[in-house]
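Below are the chains, spelled out letter by letter.
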Amino acid sequence: MPRFFVQQQKEVLVKIYLNGKLVPERQAKISVFDHGLLYGDGVFEGIRSYNGRVFELDAHIDRLYDSAKALALEIPMTRAGMAKAVIRTCAANKTMDGYIRLVVTRGVGTLGLNPYLCEKPQIIIIAADIQLYPKKLYDEGLSIVTVGTIRNLSEAVNPRIKSLNYLNNILAKIEAINAGCMEAVMLNAQGAVAEATGDNIFVVRGNALITPPTNEGILEGITRNVVMDLAREQGLEVSEARLSRYDLYTADEVFLTGTAAEVIGVVNIDRRQIGDGPPGPVTRKLVKVYRQHARSSGSPIA
Ligand code: PXG
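Residues numbered from 1 in each chain as written. Predicted model: local features only at pLDDT ≥ 70, side-chain atom pairs only at ≥ 80, totals over all residues. Heavy atoms only, no water.

Pulling in residues and values, what's your account of the overall build of the chain?
Per the secondary structure count, the chain includes eight helices and 16 strands. For 302 residues, the compact-globule estimate of 2.2 N^0.38 gives 19 Å, and the C-alpha radius of gyration of the chain, at 20 Å, lies within 12% of that figure. Counting only C-alpha atoms, the chain reaches 55 × 40 × 40 Å along its principal axes. Across the 302 residues that make up the chain, the buried fraction comes to 50%. (Helix = DSSP H or I, 4+ residues; strand = E, 2+ residues; numbered from the N terminus. Rg over C-alpha atoms; globule rule 2.2 N^0.38 Å. Buried < 20%, exposed > 50% of the residue type's maximum accessible area, 1.4 Å probe, protein only.)

And the structure:
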């Protein structure tokens with residue numbers, strides 16, 4: 001939608017980090033020959049800042065570099081330099097509570113696939129405002145569906161790679177939206193539960209949390225890992241195990257985790273009510289504990 005359609009909202013121009021320089025957003029342009037555009041060849045991270053601090057910055061940077069490594073994409077900057085660039089971009093935009101998009105594309109190349117013919121990778125950092133989900137969703141919980149689009153095979157494009165090609169997830173998201181839901185549960189080729197389109201999934205059974213292991217074809221979510229640690233601190237048992245749709249339908253509670261959503265309860269899957277109806281006590285506790293933790297840790301933006 002063109003910006004002037006956004007009712008009475010003042011246009012906010014942000015400064016974009018582009019290959020070492022902070023430029024006004026109108027000047028932040030990428031070539032049409034960039035393989036990020038032509039082939040989805042590149043990697044990215046979505047990061048949150050809370051209270052003027054970047055949350056889990058090192059974990060996001062490590063995952064970015066691991067994704068790039070898997071694609072034989074050499075990022076022309078050290079991890080420490082990248083962390084500094086993120087902080088610098090946030091500082092330039094006075095980002096307090098924001099959503100940071102870090103993108104590394106393969107760079108400008110030919111119209112052929114060969115990534116080795118591309119010039120330098122392009123590094124883009126956008127520090128934007130976060131579009132929070134309505135509070136109502138956290139109180140009432142999400143209704144979601146399992147969809148027919150299976151998660152990418154690990155042997156083909158490993159879902160652990162956070163690449164710029166999100167079509168697998170987008171196809172699943174389209175199915176969810178067409179079914180009147182905001183999120184989809186994706187299964188892997190074996191029919192086991194993998195993850196949602198932009199979130200990891202957990203089930204609660206009694207005092208235990210269970211989530212699929214990374215070898216089931218999932219992105220190893222940073223929120224997932226933080227929630228697993230926080231849950232253990234709360235005295236909950238946490239394990240990684242294969243889950244079927246039956247395990248979802250019969251769970252006491254189900255919730256999703258992700259940078260944008262944080263922790264959010266799921267109350268209905270494929271028209272089966274989960275547990276007693278509204279988000280249960282374990283989910284509600286973790287929503288709260290996660291928020292407290294996220295708002296009181298991270299790398300200062302200065
Ligand atoms: N699985 C997938 C497939 C994801 O894309 C997660 C799990 C959760 O990971 P983190 O590290 O965020 O806990 C993601 C998150 C968005 C958005 O704006 C989120 C993601 C990607 C693109 C957009 O909601 N990834």
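Don't stop here, the text continues.
I'd like a rundown of the nonpolar core, residues and numbers included.
In terms of nonpolar packing, the biggest core is built from 24 residues, with Val54, Ile75 and Met82 touching the most fellow members. Looking at this core, the elements with two or more residues in it are β3 (42–50), α2 (57–70), α3 (79–92), β5 (98–105) and β6 (122–129). Counting residues per element, this core draws most heavily on α3, at six residues. (Core = buried A, V, L, I, M, F, W, Y, C linked by side-chain atoms within 4.5 Å.)

For the site of the ligand, give the residues involved together with the corresponding values.
Around the ligand lies a shell of 21 residues, among which Lys162, Tyr166, Glu195, Thr223 and Thr259 are the nearest. Take Tyr99: an N or O atom from its side chain is 3.2 Å from an oxygen atom of the ligand. Between the ligand and Thr223 there is a distance of 2.6 Å, counted from an oxygen atom to a side-chain nitrogen or oxygen. For the ligand, whose free accessible area comes to 550 Å², the fraction covered by protein is 86%. Contributing elements (two or more residues each) for the shell around the ligand: β5, α6 (222–233) and β13 (253–258). Residues that form the shell around the ligand fall into these classes: six nonpolar, nine polar and six charged. Looking at which domains feed residues into the shell around the ligand, each of domain 1 (15–128) and domain 2 (135–295) gives three or more. (Near = heavy atom within 4 Å. Polar contact = N/O pair within 3.5 Å; in protein donor to acceptor, adjacent residues only side chain to side chain. Areas by Shrake-Rupley, 256 points an atom, 1.4 Å probe, with all protein chains shown as cover. Nonpolar A, V, L, I, M, F, W, Y, C, P; charged D, E, K, R; others polar. Domains from an automatic or database assignment.)

Any details on the environment of Pro213? Residues and values, ideally.
Mapped onto the fold, Pro213 is located in the loop between β11 (208–211) and α6. Distance in space between the C-alpha atoms of Pro213 and Ala241 is 5.9 Å, their sequence separation being 28 residues. When residues no more than four places from it in sequence are discounted, the contact partners of Pro213 are Ile218, Arg224, Glu240, Ala241 and Arg242. (Contact = heavy atoms within 4.5 Å.)

Keep in mind that these numbers describe shape and distance, not what the molecule does.
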